[in-house]
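Residue strings, one per chain:
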Amino acid sequence: MNLSASQTILDFKNIFQALPGLYLILSPELTIIAVSDSYLAATLTAREEILGKYVFDVFPDNPHDAESKSVASLKSSLNYVLEHRQSHFMPTTRYDVPSPGSSGHTFERRYWAPCNTPVLAEDGTVAYIIHEVRNVTEQVQVEKEIASRQHNLLLMAEAAGGAVWECDIPNNKMTWSASYKDIFGYDDDALETVPGRWSELVHPDDLQQARKSIDRVVAAKGKTWTGQYRYRKADNSYTTVLDHGYILYDLEGRPVHMLGTMVDLSKQLEQERKLKESNSRFELIAKATNDVIWDWNLLDDSLWWNEGMQTLYGYKAEAIEPTIVSWTNYIHPDDLLRVKESIHHVIDSGETNWESEYRFRCANGSYKIILDRGYVIHNPEGAPVRMIGAMLDITEAKRLEQQQQESTAFARRILESLPLMAWTATPNGAVDYYSQSWFDYTGANFDELKAWGWSNIIHPDDADETLRLWKEALLNGEPYAGENRWKSAKTGTYRWFLARAVPIRDEEGNITMWAGSHTDIHDQKTLQQQLEESSRKFLFLSESIPQMVWSANPDGHIDYTNHRWYEYTKMSEESLGFGWAPAIHPDELQNLMGTWMHCVATGDPLEFEVRFQDMEAKTYRWFLLRALPMRNEGKEIVKWFGTATDIHDQKQLMQQLEETTRRFRFLGDSIVQLVWITDASGYHEYFNQRWRDYTGLTLEESMGFIWNDVLHPEDQQRAWDRWQHSLRTGEFYEIEYRFRNGRDGTYRWFLGQAMPMRDNDGNILKWFGTCTDIEDHKRAEEELLEKNLELERINQDLDSFVYTASHDLKLPIINMAGIFEELTQNASFNDPDAPRMIDMFNKSLQQIHSTIHDLAEVVKVQRIDEREREQVQLEQLVEDVQVSIQDLLRDTRATIITDFSAAPGIAFIKANLKSIFYNLITNAIKYRAHDRQPMVHLSTRHKGDYIELKVQDNGMGIDMNKHQSKLFQMFKRFHNHVHGSGLGLYIVNRLLTNNGGYINIESTLNEGTTFYLYFKQKKA
């Protein structure tokens, strides 16, 4: 077939356009002259749209890619061809092409391998440029994917403890990451090998299955493969591995590249177990915390809440939206804008920590005040992607803060009312408040005194020391105390003050303020030295938890105990597993083992009291074992955690308490009294068996206040009022009342008594009481009262008789004495016995006269008025007695020694007390031993409600075996060589007993006598 020249040219053009390659023909001016169809298809353009146009007008830079240098790179290459008239191969270049119909507004990413070749004219100049490209977009993406997967696989392998491998199939080459050596023990030479080496190291029993698995994936043109098999390590042992592979294919679908990771499965399982434990701990913490924890995904605005949203704010799970609106919808409208602005400021500014207080609505419509804190998490590029936080309910804290403010205001009102100069200061020591008394005393105003202005009005000699002490207190946080002088505005003089200040602390122990006062001690300063005050602070040392702490595997084997277990038991780590059994008391071992295995099997919590042995000392102590299981998402137990708390002392106390209670109840039921116990409010909570037998009431019927209904109607109100008085005041309860007998309905008198039991602070905890049957005593008391009244009438009659008799006999005796004296003077007596008879008659008259006088004194003692009592000073009283018996003292050379330092005075009727002293002192001298100088010792001391007067002599003594029962009878004398009436001791004893006292005597013949007189002293 013959073709013309024009037909040949035309055919060439069609051939060019149909070439499979991607070609452009450019003029030296870079105008597009021709283009192949393949180029048009690859660049998404049409021939009529680009022919005759400047190449860079058709293919500009992607305006959305600020870093794009596509045009500059191509232009540089084309200029190189024009200048050097040589071909230029450009490196793989990204050059995005406009999307069809987008008018250049959108672009599609493309990667090219360009080559620019000059077509020279006859004169050697460039006539055309052939711009040839290969579309390598898919190849670049594959390479990037390979690189990305290699990077990801490497990260994953490092995180999982695995090795990364790469298999270049065409080149029969296989390489491993460095971790391959650490995991499987091979050296550096093993990092680069051939794929066949892998086949040698796979366990023979697993190789065929692994190969079939890979072949199935390749046959299906799959991209990923996963296999689990045994792989030989350098020590020839096998370990189970998990192998993940990614397969890359060429354009013809042939596998050319494989990437993967091989992970030692035992390590991965361990990692998974730890991760599950970590997640479980987080879930337990999220459940256990009092805070509401939230997790906000900033990319999709999803929001997760822990259970606190339900338990603390009352929202049901189905009502909580999983988006940010579940938070913003419940913020108080007045707080919403502020809170949103603050949290978005932190997110947008790249900060990490956010905090805000606001009101949050609960499900019941009420609002709580919330302190919300959040932490922003950024991705590697620095963009915020997640925010985690916790909401703390501070409603109560805010309420307490308000109360604190009100309390502060109230405290300042109190400070203003105190009779001292009060002030407060900031934590750094600057005074921020003075009471009005400061301004009244100093004449200064607040502006002059505030902060450290007080230093201008203190005495110059005290300023430095005061400032030093104050700064020392501020530095140490300890109370301040000091004495210093301050100038008075009224007098211009300085007065001494005692300055005190104490730090006020919050719950964390931080000082929030100082409270101080200045007390005027100017007058006391002249009488006493400087008062020093110090305060001690207790340093609380904390260490690890005092209990034994342990953990166990799901099968019950102990795998951890803290040091307290070893410190106590003296066992080694061999006690792990079930090696702890030797430390258990034999009586509890079998039961404990059975209980523990039951808990392990059922998941029930463990609580068991057991005795542990100190293996060296061979002693046991009681411990309380507690343990709880930790479960995974599938509710399977993955761990047990437990403690052992020493309860030995509590156990012994409990046993002692049980024994004490048993003994108390036995004692309460054994004694004859009715026994009862109430709480601090008076509610009866115990009665003994005697009460129930007598009243006929059961223990349940007797509880509370029913006891008052069992009383005689006339005693009920009186008994109730007296009981309420004791409950209010805490005073000893004592009352006489009548209880009804449940058997016959009769009433018997009882003495009710009760005492409060108090704690260390003096607060009443309980009342313990008894009711003693005094019916017989009451009747005897009534009879005794009648007898006493009768006896009192008889005594009065007897006193009247004695008084009358002594009065009526006194005058006849005086007349008889006068007549007898007259007779002896005027009459003469011739009888030789007359003088003796006259002397005997005179002595008889004198004895009768003395007896009448003593009887009158006895009656006088009976009639002394109690209102004449006074505080009698004993030294002066003894001096008065000595004056009245000075002749007797001189003649006998008697010595009186006194020691009244313990009790210098006695409340008594002075005349009666003088009579007591007179009788005892004169008796001690009259009945002296003639072989030694008489000495009388008088001393006093306090003894209970009495003052004891001790009168001791060194005289003849009294035969106590013979005369003890007659010591205080009238007219009883124990020595006849001295004249006397025998009324002295009777009068002394009568004076004492009439005033509530009593007397004791100790005496030894020929050694002396000691009288112990006890004077009842009335309470103030």
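Refer to the preceding data block for the structure.
What this report covers is the structure whose coordinates are included nearby. (Residues numbered from 1 in each chain as written. Predicted model: local features only at pLDDT ≥ 70, side-chain atom pairs only at ≥ 80, totals over all residues. Heavy atoms only, no water.)

**A few points about the overall build of the protein**
Secondary structure assignment for the protein yields 31 helices and 41 strands. Within the protein, buried positions represent 37% of all 1020 residues. Across the protein, the fraction of contacts at a sequence separation of at least 24, relative to all contacts at a separation of at least 6, is 48%. Summing over all exposed atoms, the protein offers an accessible surface of approximately 60300 Å²; the carbon and sulfur share of this is 52%. (Helix = DSSP H or I, 4+ residues; strand = E, 2+ residues; numbered from the N terminus. Buried < 20%, exposed > 50% of the residue type's maximum accessible area, 1.4 Å probe, protein only. Contact = heavy atoms within 4.5 Å. Areas by Shrake-Rupley, 256 points an atom, 1.4 Å probe, with all protein chains shown as cover.)

**Brief notes about the pattern of salt bridges**
Taken as a whole and assessed by the stated rule, the structure comprises 40 salt bridges. Between Arg94 and Asp96 there is a salt bridge, with the nearest N and O atoms lying 2.9 Å from each other. What makes Arg94 partly exposed here is its relative accessible area of 26%. Salt-bridge contacts for Glu355 lead to Arg373; the nearest nitrogen and oxygen are separated by 2.9 Å. (Salt bridge = Lys/Arg side-chain N within 4 Å of Asp/Glu carboxyl O.)

**Remarks on the sheet that holds strand β20 (residues 421-425)**
Here five strands make up an open sheet; going across it, the order is β21-β20-β24-β23-β22 and the pairing antiparallel. Only two strands of the sheet have a single partner each, and these edge strands are β21 (431-434) and β22 (480-487). Pairwise comparison of adjacent strand axes, ignoring direction, gives a mean angle of 25 degrees for this sheet. Sheet topology places β22 next to strand β23 (residues 494-505); eight bridges connect them, and they run antiparallel. Paired with Ala481 across the strands is Arg500, a residue of β23. Relative to β22, helix α17 (residues 460-476) is tilted by about 150 degrees, and along the sheet it contacts β20, β22, β23 and β24 (511-520). (Pairing = 2+ DSSP bridges. Axes fitted to C-alpha atoms, helices over the stretch in contact; angles between N-to-C directions.)

**Considerations on helix α20 (residues 586-602)**
For α20, built from 17 residues, the straight-helix expectation of 24 Å at 1.5 Å per residue is met to within 8% by its first-to-last C-alpha distance of 25 Å. Next to the buried residues of α20 lie β25 (548-552), β27 (606-614), β28 (619-631) and β29 (637-646). Looking one or two places after α20, you find Gly603, whose phi comes out positive at around 85 degrees. (Expected span 1.5 Å × (residues − 1).)

**A look at the sheet that holds strand β39 (residues 946-953)**
With respect to topology, five strands assemble into an open sheet ordered β36-β38-β39-β41-β40, the strand pairing being mixed. Of all the strands in the sheet, just β36 (895-899) and β40 (998-1004) have a single pairing partner and so form its edges. When the angles between neighbouring strand axes are averaged without regard to direction, this sheet yields 15 degrees. As judged from the seven bridges shared by β40 and strand β41 (residues 1008-1016), these two strands associate in the antiparallel manner. If you follow Thr1004 over to β41, its bridge partner there is Gly1008.

**Description of the side chain of Ser77**
Within the secondary structure, Ser77 sits in helix α5 (residues 70-84). You can call Ser77 buried: its relative accessible area is 1%. A polar contact is formed between the side chain of Ser77 and the side chain of His88, at a distance of 2.7 Å. Polar contacts involving the side chain of Ser77 include one to the side chain of Asn116, which spans 2.7 Å. Ignoring any residue separated from it by four or fewer positions in sequence, one finds Ser77 in contact with His88, Met90 and Asn116. (Polar contact = N/O pair within 3.5 Å; in protein donor to acceptor, adjacent residues only side chain to side chain.)

**Regarding the packing of aromatic side chains**
Taken as a whole and assessed by the stated rule, the structure comprises 41 aromatic pairs. Centroid distance Trp176 to Tyr180: 4.1 Å. Interplanar angle 25 degrees. Geometry classified as stacked. As far as the burial class goes, Trp176 and Tyr180 line up, both buried. Each ring, one from Phe578 and one from Trp580, has its centre 6.0 Å from the other, and the planes form 40 degrees; the classification is tilted. Residue Trp580 is classed as buried on the basis of its relative accessible area, which comes to 8%. Three or more aromatic residues joined by ring pairs form one cluster here, namely Phe687, Trp691, Tyr694, Tyr737, Phe739 and Phe750. Just above the ring of Phe56 sits the side chain of Lys75; from NZ or CZ to the centre is 5.2 Å. We note Lys651 situated over the ring of Trp622; from NZ or CZ to the ring centre the distance is 4.6 Å. (Phe/Tyr/Trp six-rings, centres within 6.5 Å; stacked < 30°, edge-to-face > 60°. Lys NZ or Arg CZ within 6 Å of the ring centre and 35° of its normal.)

**Things to note about the packing of helix α27 (residues 874-884) against helix α29 (residues 910-926)**
At their nearest, the axes of α27 and α29 sit 10 Å apart, and the two run at 60 degrees to each other. In this view, α27 runs oblique relative to α29, as classed from their interaxial angle. Every pair of crossing elements has a handedness; the one defined by α27 and α29 is right-handed. Of the residues in α29, those in contact with Leu874, Leu877, Val878, Asp880, Val881 and Ser884 of α27 are Lys910, Leu913, Lys914, Phe917, Tyr918 and Ile921. Taken together, the residues of the contact of α27 with α29 sort by class into eight nonpolar, one polar and three charged. (Parallel < 35°, antiparallel > 145°, perpendicular 65-115°, else oblique. Left-handed = near helix turned anticlockwise from the far one by under 90°. Nonpolar A, V, L, I, M, F, W, Y, C, P; charged D, E, K, R; others polar.)

**Describing the pairing of strand β1 (residues 22-26)**
A regular strand places its side chains on the two faces of the sheet in alternate fashion. Burial runs high along β1: five of the five residues are buried. Of the two faces of β1, the one lined by Leu22, Leu24 and Leu26 and the one lined by Tyr23 and Ile25 are each fully buried. Bridge analysis of β1 against strand β2 (residues 32-35) gives three bridges, and the strand direction is antiparallel. Note that in β2 the partner of Ile25 across the bridge is Ala34. Linking two consecutive strands that pair antiparallel, namely β1 and β2, is a turn of five residues; a positive phi of about 70 degrees is found at Leu30 within it.

**Details of the nonpolar core**
Ranked by size, the top nonpolar core spans 38 residues in total, and within it Leu913, Phe917, Leu1013 and Phe1015 carry the most contacts. At the level of secondary structure, the elements contributing two or more residues to this core comprise α27, β37 (905-909), α29, β38 (935-943), β39, α31 (984-994), β40 and β41. Ranked by residue count, the leading element in this core is α29, at seven residues. Apart from the residues within four sequence positions on either side, Leu1013 is in contact with Ile916, Leu920, Ile947, Glu948, Leu949, Val951, Val988, Leu992, Tyr998 and Ile999. (Core = buried A, V, L, I, M, F, W, Y, C linked by side-chain atoms within 4.5 Å.)

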